[in-house]
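# Report on the structure
What follows is the residue order along each chain.
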Amino acid sequence: MNSIIENIKKVFSDNEIGYNNISDFQRRNALVNFVKDTETYIKRNCHNAVNENLKALIKFFTIGIQSDINIYCFADDKPGVILKDLQPIILASLYPDVNNHWELVKCNINVDIVSDPVITNIWNRERQFDNFYNKIGKINQNPFDGYKNNHKTNIWAYKYLPIGLVFVYNGNHSVNSAIIHNEGSFLCENCIDVSPLFHDYSFDGIDYLYNNKKIMNEYLHSGSKPFNDKFGYLFELGKLLHKYNITF
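Summary of the structure given here. Being a predicted model, the structure only gives us computed values, none of them experimental.

Attention shifts here to the packing of helix 5 (residues 87–94) against helix 9 (residues 229–243). Running from N to C, helix 5 and helix 9 point in directions that differ by 40°, and their axes come no closer than 8 Å. Along the contact surface, helix 5 presents Ile90, Ser93 and Leu94, while helix 9 presents Phe231, Leu234 and Phe235. Considered class by class, the residues forming the contact of helix 5 with helix 9 number 5 nonpolar, 1 polar and no charged.

As structure tokens, this is what we get:
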């Protein structure tokens, strides 16, 4: 496992995350301000637009994550060698349980790519390009429809509650193309409830903590850092959603 982590680190360096010119204090302070301002907004507003605004914020973060994953895929000179091992790292980045144990709950949820937050574990640069430029999308005379043809059985995904983020772990390149083209829908049949972690786990802007001490999770960078800090922001946002009985 250590060799996998080391290979991932070659691609996902701290500089690529974009914080090379920001101090640790600023990173932690940014997270504090984000949580404080978001909670203030929730408490001051009780209209329907609150949920829509929060969902839009979650989608905004996931678009950034998916964009980064695509860029990292471009950087893989040996398609499929590095990024194929990314799935457990993404899972741990949003569900940082040190034992990597979670319970799946069966569900039957339609995922609308236009409005719902979706990320995929693309891992092959050749498939990434071929699906986007040639195979998937209205512009390629093949609109994405996750309910037809082989997509119906090929797309496997988890929906993280209460955040509402959908992580696709099979059918990755097709769904990635659909995200880029901003079209289509598919069925998600498994949910993971993140809320059992909210009492003891936290993200401080840099690291995941357990009872205010850095965790040690074999799938995270240095044992405690999500591969993308936006996952930590979503985790903390999930705490607010749970606190105010909001779920997506």
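Don't stop here, the text continues.
Looking now at the sheet that holds strand 3 (residues 156–161). Backbone hydrogen bonds are what pair the strands of a sheet, in a parallel or an antiparallel way. As summarised here, the arrangement of the 5 strands in space is 1-5-3-4-2, forming an open sheet in which the pairing is mixed. In the strand order of this sheet, the two ends are held by strand 1 (104–112) and strand 2 (118–120), each with one partner. Recorded for the sheet is a direction-independent mean angle of 35° between the axes of neighbouring strands. With 5 bridges connecting them, strand 3 and strand 4 (residues 165–170) associate as antiparallel partners. Paired with tryptophan 156 across the bridge in strand 4 is asparagine 170. Set on the sheet, helix 8 (residues 172–181) makes contact with strand 2, strand 4 and strand 5 (185–193); between it and strand 2 the angle comes to about 140°.

What follows deals with the nonpolar core. Residues Tyr160 and Phe167 are the most contacted members of the largest nonpolar core, which totals 47 residues. Secondary structure elements with two or more residues in this core: helix 3 (24–44), helix 4 (49–74), helix 5, strand 3, strand 4, strand 6 (201–203) and helix 9. Take this core: its biggest share by element is 8 residues, from helix 4. When near neighbours in sequence (up to four residues on either side) are disregarded, tyrosine 160 contacts Leu91, Leu94, Tyr95, Leu165, Phe167, Ile192 and Val194. One finds Ile113, Phe144, Ala157 and Cys188 within the second-largest nonpolar core, a separate group that totals 14 residues.

Thresholds applied
Residues numbered from 1 in each chain as written. Predicted model: local features only at pLDDT ≥ 70, side-chain atom pairs only at ≥ 80, totals over all residues. Heavy atoms only, no water. Axes fitted to C-alpha atoms, helices over the stretch in contact; angles between N-to-C directions. Helix = DSSP H or I, 4+ residues; strand = E, 2+ residues; numbered from the N terminus. Contact = heavy atoms within 4.5 Å. Nonpolar A, V, L, I, M, F, W, Y, C, P; charged D, E, K, R; others polar. Pairing = 2+ DSSP bridges. Core = buried A, V, L, I, M, F, W, Y, C linked by side-chain atoms within 4.5 Å. Buried < 20%, exposed > 50% of the residue type's maximum accessible area, 1.4 Å probe, protein only.

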